[in-house]
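# Overview (structure and organization)
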Amino acid sequence: MSIKISIGKKEYFPKIKSIKYEGPKSKNPLSFKYYDSEKIIAEKPMKDHFRFATAYWHTLCGTGGDPFGPGTKVFPWDCTDNPTKNAKNRLDAAFEFFTKLGTNFYCFHDRDIAPEGKNLRESIINLESMVDLAKEKQEESGVRLLWGTANLFSNPIYMNGAATSPDFKVVAHAAAQVKSAIDATIKLKGDNYVFWGGREGYSSLLNTNMKKELDHLAIFLHKAKDYGRENGFKGTFLIEPKPMEPSKHQYDFDVAAVVAFLKHYDLDEDFKINIENNHATLAGHTFAHEIQSAFDYGAFGSLDINQGDPHNGWDTDEFLHNIYDAVHIMMVLLESGGLQNGGMNFDAKTRRNSTDLEDIFIGHINSMDILAKGLIIANNILKDSNYLDMKRVRYSSFNQNEGRQFSSGKLNLSQLSRIALNQSIPELKSGKQELFESIINKYL
Ligand code: XUL
Ligand code: CO
């Protein structure tokens, strides 16, 4: 279904029309230079390689507050003292933004689209009524929900964790929130449901029973999955790893830790992984490493697109603008079969001093363009260069004879030892890293 521009009672971005592809020579910042949604690259339209989504929390709610000062951005949809009215305005602004920009998907937390009520019951009712309105907006515009989630980290009751809190009352409260966020995701036909455990971790092992907390997290996830499946949710449940921030140590540290957790607790059928660039770098990995690991373990789910700042060690959630990262992740995606049911959610915010309303368009456009350019370059590298052959040749000793037998698990340790004793000393074969790097740079 193609996307229709959605303008509510008031137009929030009157100076901005639908963002169009104008090609690399265009000087118009409000146009795409590389992202040409219907253009076929590697056998499918560009838009299907990306399934771009806007993150409701940063783009519609994030006014730029930080620990040292308040927000700096004045959003015309947050204009009254009535949180319900603002939430409705925000929804209109959101769909106007998605449809003018051309991100065909969006993602939200329960608290992004509906205000927290005086109590849990009121919060759930608030969410239900906003979800009804979002459903109408989706139907009229054609925009779809990539994933829904519950905010289990802002409310002070979650200071000791949500599913891993030592207090059962808090665990039950989190369960109620997850139940209603899953209901919302089902109603809005979301493709995925995300768990990011920002408070699921600890700051001191001295006061923490880690085994009990992890057992509880697994039980909680099993029950959420059972509820979703019983109520018709056919999408994928996703865990989003992050090593730290806000907790000192978070249980879902990185892809490897999440894979081990999912396998250990028998959750790996229903749960896959949502990987975020800045979370990967905080864990000491590259984005490409985390994506490749998830594919190799059969655990790839979806992507949160952003980047960190190499000069500091926290989650800066910048719009991805690094071409090298874009090329590398597109190479991994093309080689591994692509996003499937996942997408690319811009979990990114404009800088605190980027206060013009158009900046949120420009941030998205620049990331969409850099990824489109990355896709074109990655496809050229894989199709035209000898990159894949060079990689394959490194492992060619496993293609025949004893190497092949080893690779298929047919040689035991004594047999391997006998082979070694009868062969010549292995020669030193160059890994050619610099040559690999030069091939990438030639195509950039
Ligand atoms: C926090 C983060 C979250 C999740 C959803 O670093 O990435 O916004 O994506 O809860
Ligand atoms: Co994220």
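For clarity, every value in this text was computed on a predicted model and none was experimentally measured.

## Examining the site of ligand 1
Taken together, Trp57, His109, Trp147, Trp196, Glu240, Lys242, Glu276, His279, Asp304, Asp315 and Asp347 make up the full set of residues near ligand 1. One of the side-chain N or O atoms of glutamate 240 is found 2.7 Å from an oxygen atom in ligand 1. Side-chain polar atom of aspartate 315 to an oxygen atom of ligand 1: 3.1 Å apart, as the coordinates give it. Taking 290 Å² as the accessible area of ligand 1 by itself, protein coverage stands at 94%. Its residues placed into classes, the shell around ligand 1 shows three nonpolar, two polar and six charged.

## Things to note about the side chain of aspartate 110
Along the chain, aspartate 110 turns up in helix 4 (residues 110-113). According to the relative accessible area criterion, aspartate 110 is buried, its value standing at 1%. Separated by 2.8 Å, the side chains of aspartate 110 and glutamine 177 make a polar contact. The residues touching aspartate 110, leaving out its near neighbours within four places in the chain, are Leu127, Thr149, Ala150, Asn151 and Gln177.

## Some points on the sheet that holds strand 12 (residues 271-276)
Strand order around the closed barrel formed by eight strands is 5-6-7-8-10-12-13-14, with parallel pairing between neighbours. On average, adjacent strands in this sheet sit at an angle of 30° to one another, irrespective of strand direction. One ladder, built from three bridges, connects strand 5 (residues 52-55) with strand 6 (residues 105-109); its direction is parallel. Pairing of threonine 54 across the sheet is with tyrosine 106, part of strand 6.

## Details of helix 6 (residues 168-187)
Helix length check: helix 6, at 20 residues, gives a terminal C-alpha distance of 29 Å against a target of 28 Å (1.5 Å per residue), a fit within 8%. Within helix 6 the residues assigned to the buried category are Val170, Val171, Ala174, Gln177, Val178, Ser180, Ala181, Ile182, Ala184 and Thr185. Capping the start of helix 6 is the job of one residue whose side-chain oxygen sits 3.0 Å from the backbone nitrogen of lysine 169: aspartate 167. Immediately downstream of helix 6, the backbone of lysine 189 shows phi near 55°, a positive value.

## Observations regarding the packing of helix 6 against helix 7 (residues 210-230)
Following both chains from N to C, one finds helix 6 and helix 7 inclined at 30°, their axes separated by 10 Å at the closest point. As judged from the angle between their axes, helix 6 and helix 7 are roughly parallel. Crossing handedness for the pair helix 6 and helix 7: right-handed. Side by side, helix 6 and helix 7 meet where Val171, Ala174, Ala175, Val178, Lys179, Ile182, Asp183 and Ile186 of the first sit next to Phe220, Ala224, Tyr227 and Gly228 of the second. Residues of the contact of helix 6 with helix 7, tallied by class, amount to nine nonpolar, one polar and two charged.

## A look at the packing of aromatic side chains
Within this structure, the stated rule accounts for 29 aromatic pairs. Relative to phenylalanine 361, the ring of phenylalanine 13 lies with its centre 5.2 Å away and its plane at 85°, an arrangement referred to as edge-to-face. Taken together, the positions of phenylalanine 13 in the segment before strand 1 (20-21) and phenylalanine 361 in helix 12 (residues 358-384) put the pair 348 residues apart, joining distant regions of the chain. Relative accessible area serves as the criterion here: at 0%, phenylalanine 361 is assigned to the buried category.

## Considering the side chain of aspartate 191
As for its position among the elements, aspartate 191 is in the loop between helix 6 and strand 8 (192-195). Relative accessible area serves as the criterion here: at 11%, aspartate 191 is assigned to the buried category. When sequence neighbours within four positions are dropped, the list of residues in contact with aspartate 191 reads Arg51, Phe105, Arg144, Leu145, Leu146, Phe233, Gly235, Thr236 and Asn341.

## Quick notes on the domain arrangement of the protein chain
Taken domain by domain, the protein chain holds domain 1 (20-384) and domain 2 (388-443). Computed over C-alpha atoms only, the centres of domain 1 and domain 2 are separated by 39 Å. Taken together, the contacts link nine residues of domain 1 with five residues of domain 2. In total, about 680 Å² of surface goes out of reach between domain 1 and domain 2, with carbon and sulfur atoms giving 68% of it. The largest contributions to the domain 1 side of the interface with domain 2 come from Tyr324, Glu335 and Ile381, which together make up 56% of the buried area. Between domain 1 and domain 2 we count one salt bridge in total. Among the ionic pairs, lysine 391 bridges to glutamate 335, the shortest N-O distance being 3.7 Å. Contributing elements (two or more residues each) for the side of domain 1 that touches domain 2: helix 11 (323-336) and helix 12. Considering every element that reaches the side of domain 1 that touches domain 2, the biggest residue donor is helix 12, with five residues. When its residues are assigned to classes, the side of domain 1 that touches domain 2 shows six nonpolar, one polar and two charged.

Thresholds applied
- Here the residue numbering is sequential within each chain, running from 1 through the sequence in written order.
- The naming scheme follows written order: chains are lettered A onward, ligands numbered 1 onward.
- Predicted model: local features are reported for residues with pLDDT of at least 70 only, side-chain atom pairs are reported and counted for 80 or more only, and whole-chain, interface and lining totals are derived from all residues.
- Side-chain metrics in this entry use all non-hydrogen atoms of the structure; hydrogen atoms and water are not considered.
- One heavy atom within 4 Å of a molecule or strand is enough for the residue carrying it to be called near that molecule or strand.
- Within 3.5 Å is the distance limit for a polar contact, defined as a pair of N or O atoms, with the added protein rule that one can donate a hydrogen and the other accept it, and that residues adjacent in sequence qualify only through two side-chain atoms.
- In this description, accessible areas are obtained by the Shrake-Rupley approach with a 1.4 Å probe, and a residue is regarded as covered only by the protein chains that are shown.
- Note on residue categories: nonpolar means Ala, Val, Leu, Ile, Met, Phe, Trp, Tyr, Cys or Pro, charged means Asp, Glu, Lys or Arg, and polar means any other residue, Gly included.
- Every helix listed is a DSSP run of H or I at least four residues long, and every strand listed is a run of E at least two residues long, numbered separately from the N terminus.
- Think of it in three bands: residues with accessible area under 20% of the maximum for their type are buried, residues over 50% are exposed, and the middle band is partly exposed, with areas taken using a 1.4 Å probe on protein chains only.
- Residue contacts are defined here by distance: any two heavy atoms, one from each residue, within 4.5 Å place the two residues in contact.
- The pairing criterion is simple: DSSP has to find at least two bridges between the two strands.
- Axis geometry follows a simple rule: fit a line to the C-alpha atoms, using only the stretch in contact for helices, then measure angles between N-to-C directions, giving values from 0 to 180 degrees.
- One fewer than the residue count of a helix, multiplied by 1.5 Å, yields its expected span.
- Oblique is the label for every angle not falling under 35 degrees (roughly parallel), over 145 degrees (roughly antiparallel), or within 65 to 115 degrees (roughly perpendicular).
- Definitions for this section: a left-handed crossing has its near helix turned counterclockwise from the far helix by less than a right angle. A right-handed crossing has that turn clockwise.
- Side-chain rings of Phe, Tyr and Trp, where Trp is taken by its six-membered ring, are said to pair if the distance between their centres is within 6.5 Å; with planes under 30 degrees apart they count as stacked, over 60 as edge-to-face, and otherwise as tilted.
- Residue ranges assigned to the domains are those given by an automatic or database domain assignment.
- Summed over both partners, buried area is the accessible surface (1.4 Å probe) that two parts give up on being assembled.
- By definition here, a salt bridge exists when the distance from a side-chain nitrogen of Lys or Arg to a carboxyl oxygen of Asp or Glu is within 4 Å.

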